[in-house]
Amino acid sequence: QILIEQTDPELFTAIQAENARQEHHIELIASENYASPAVMAAQGSQLTNKYAEGYPGRRYYGGCEYVDVAEQLAIDRVKQIFGAEAANVQPHCGASANEAVFLAFLKPGDTIMGMSLAEGGHLTHGMALNMSGKWFNVVSYGLNAKEEIDYDAMERKAHETKPKLIIAGASAYSLAIDFERFAKVAKAVGAIFMVDMAHYAGLIAAGIYPNPVPHADIVTSTTHKSLRGPRGGIILMKSEFEKAINSAIFPGLQGGPLMHVIAAKAVAFKEALAPEFKVYQQQVLRNAQVVAETLTQRGLRIVSGGTQSHLMLVDLRAKGITGKEAEAVLGSAHMTINKNAIPNDPEKPMVTSGVRIGTPAMTTRGFKDEEARATANLVADVLDNPRDAANLDVVRAKVAALTSRFPVYR
Ligand code: PLP
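Everything numeric here is computed off the predicted structure, so don't read it as measured data. (Residues numbered from 1 in each chain as written. Predicted model: local features only at pLDDT ≥ 70, side-chain atom pairs only at ≥ 80, totals over all residues.)

Below, the discussion takes up the nonpolar core. One finds V78, I166, I235 and L236 to be the most contacted residues of the largest nonpolar core, which totals 122 residues. In terms of residue count, helix α11 (residues 259-273) provides more of this core than any other element does, ten residues in total. V78 has contacts with A87, V89, I234, L236 and F269, leaving out every residue within four places of it along the chain. (Core = buried A, V, L, I, M, F, W, Y, C linked by C-beta atoms within 7 Å. Buried ≥ 20, exposed ≤ 12 C-beta atoms within 10 Å, placed from the backbone. Helix = DSSP H or I, 4+ residues; strand = E, 2+ residues; numbered from the N terminus. Contact = placed C-beta atoms within 7 Å.)

On to α11. Helical geometry note: an α-helix holds 3.6 residues per turn, so side chains three or four residues apart project in the same direction. Here α11 contains 15 residues, and its C-alpha end-to-end distance of 21 Å stays within 8% of the 21 Å for a straight helix at 1.5 Å per residue. Of all 15 residues in α11, 13 are buried, a share of seventy percent or more. (Expected span 1.5 Å × (residues − 1).)

Moving on: the packing of helix α12 (residues 275-297) against helix α15 (residues 369-384). Between α12 and α15, the least distance of the axes is 8 Å, while the angle of their chain directions is 35 degrees. The handedness of the crossing between α12 and α15 is right-handed. Contacts from R286, N287, V290, V291, T294 and L295 of α12 reach α15 at D369, A372, R373, T375, A376, N377, V379 and A380. Residues belonging to the contact of α12 with α15 are distributed by class as follows: seven nonpolar, four polar and three charged. (Axes fitted to C-alpha atoms, helices over the stretch in contact; angles between N-to-C directions. Left-handed = near helix turned anticlockwise from the far one by under 90°. Nonpolar A, V, L, I, M, F, W, Y, C, P; charged D, E, K, R; others polar.)

Turning our eyes to something else, we now look at the pairing of strand β7 (residues 165-168). Of the two faces of β7, the one lined by L165 and I167 and the one lined by I166 and A168 are each fully buried. The pairing of strand β5 (residues 111-115) with β7 spans two bridges and is classified as parallel. Residue M113 lies in a different strand from β7, and its bridge partner there is I166. Note: β7 against strand β8 (residues 192-196), four bridges, orientation parallel. Each residue of the ladder has a partner; that of L165, found in β8, is I192. (Pairing = 2+ DSSP bridges.)

Relative to the 16 Å expected for twelve residues at 1.5 Å per residue, helix α5 (residues 94-105) spans 17 Å between its end C-alpha atoms, a close match to the ideal helical length. Most of α5 sits out of view: eleven of its twelve residues are buried. Taken residue by residue, α5 has G94, A95, S96, A97, N98, E99, A100, V101, F102, A104 and F105 as its buried positions. Among the structural elements, α6 (131-135), β7, β8, β9 (218-222), β10 (233-237) and α10 (242-253) are those in contact with the buried residues of α5.

Near the ligand, the surroundings consist of 13 residues, among which C93, G94, A95, S171 and A198 are the closest. In the shell around the ligand, the residues fall into three nonpolar, nine polar and one charged. (Near = placed C-beta within 6 Å.)

Turning next to the UniProt feature "binding site: (6S)-5,6,7,8-tetrahydrofolate" (unreviewed entry) in the protein. Under the present numbering, the feature "binding site: (6S)-5,6,7,8-tetrahydrofolate" (unreviewed entry) in UniProt falls on L117, G121, H122, L123 and E240. Spatial dispersion of the annotated residues is evident: they stretch over 124 residues in sequence, and the largest pairwise C-alpha distance comes to 30.6 Å. According to the C-beta neighbour criterion, L117 is buried, with 24 such atoms within 10 Å. Beyond its immediate stretch of four places on either side in the chain, L117 contacts H122, L123 and M127. Along the chain, the position of H122 falls in the loop between β5 and α6. Excluding anything up to four places from it in sequence, H122 contacts L117, A170, S171 and D196. (UniProt positions renumbered as here; feature names shortened; annotations may be inferred.)

Before going further, it helps to spend a moment on the sheet that holds β5. Spatially, seven strands are ordered β4-β10-β9-β8-β7-β5-β6 in an open sheet, and the strand pairing comes out mixed. The open sheet has two free edges, formed respectively by β4 (86-88) and β6 (137-141), since each of these has just one partner strand. Strand-to-strand twist across the sheet, computed as the mean angle between neighbouring axes with direction ignored, equals 20 degrees. Along the sheet, helix α8 (residues 179-189) contacts β7 and β8; its crossing angle with β7, the most-contacted strand, is approximately 175 degrees.

This brings us to unusual backbone geometry. The peptide bond linking F250 to P251 adopts the cis configuration, its omega dihedral lying at 10 degrees. Even without glycine at this site, N344 takes up a positive phi of about 55 degrees. With respect to the helices and strands, N344 occurs in the loop between β14 (338-339) and β15 (354-358). Positioned with a positive phi, T352 is a non-glycine residue whose angle comes to about 65 degrees. Tracing the backbone through its elements, the reader meets T352 in the loop between β14 and β15.

What follows concerns the UniProt feature "domain: Serine hydroxymethyltransferase-like" (unreviewed entry) in the protein. Within the UniProt annotation, "domain: Serine hydroxymethyltransferase-like" (unreviewed entry) is assigned to residues 4-378. Across residues 4-378 one finds 44% helix and 14% strand; the C-alpha atoms that close the span lie 37 Å apart.

Turning next to the pairing of β15. Counted residue by residue, β15 has five buried out of five residues, so it is predominantly covered. Relative to β15, strand β12 (residues 311-315) is paired through five bridges, and the arrangement is antiparallel. Bridge pairing in β15 links L311 to G358. Where β14 and β15 come together, two bridges link them in antiparallel fashion. Among the inter-strand pairings, N338 is bridged to a residue of β15, identified as R356.

Take the confidence of the model for the protein next. Summing up the model confidence of the protein, the mean pLDDT is 97 and the portion of residues at 70 or higher is 100%. Scored as a complex, the prediction yields pTM 0.97 and ipTM 0.99. (pLDDT = per-residue confidence, 0-100.)

This paragraph deals with the environment of E240. Structurally, the position occupied by E240 is in the loop between β10 and α10. For E240, a count of 10 C-beta atoms within 10 Å puts it in the exposed group. A sequence separation of 52 residues divides E240 from A292, and the C-alpha atoms of the two residues are 42 Å apart.

Dropping the structure here:
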């Protein structure tokens, strides 16, 4: 960064401002985390210079002997973490991991089944404007009256429509997903069963959320959310699917792999294999429970009745504030959050009646039960009185006191 200051002061100023924002704001976005300095060092290394189309030992470029080591370390470690038979660590992101699965097994017009975006699913699971929704015939499942995944309806729809691919996994669902049940349904209707574990991967690595690997044909993930690695994607699979998936990623979908990012994935996977990672993830889970309990005590409703993961959806209607306004006022009080639709949301998707809160980032900076409770109380303080500038000043000062005790990057 000292170099950037000399060569590009304009950009340096933006990076410095973002660094300060990350230090001084409490990060509550469920899909974000703080990668370790070792992960960032690998990502900033000379491996960015290397072309390595192909796979370890089978490249289309010379000089790949050292990047082969990096990629093989990433593959071996991620297989060990999740107990997978085979792994591809080249997807540039979570969306391209999912697209590679579609490319490997589907043709345009085929029927796929995924969780509806409005009820907690991801864009790439069949949303109308996404490639998955444009190219495939999408059948969605959602939640029942208790705001739990409606497994019975999912099973019925699967038998009626015979999808070629069934996707389990979500971006805004707080409870444990019954992957075994999905697997049985997929088997009964002859569908390939894919799990997108992007949100839960860190908890799964630590053994405190159900592992989909024994049940699914293919498991995709991002590496940058609860797993706390660099931005990127991975695909885990049974050996029988390895050839199809590998050729869907390259040459099907991508060109040269990002070897610096793959090296950073290897570093993150080593960190995830260390005993401290389990302790970290247990605190992520604990902090989420503390936040949910505290917000409930302060008069807010947690969708699905609580959380069994790192995240929760909060119904704001009792406070008479929309998700859009809550995101803005919490941001001005230095707590970063994203608005999120709640089930049967009366508001438009750009407005919403809810926010999503996650605890991976706060836990990385060292927040434990006490700080998680304090954070939830500060969120509630803002929501109780969102249009009072003096209230926001008081909360901002309390946030500053808290964040200064827990620097992210010392
Ligand atoms: N899958 C799920 C469940 C996600 O929540 C996300 C990101 O939010 C993705 C896939 C996409 O990941 P990326 O943003 O890396 O493409």
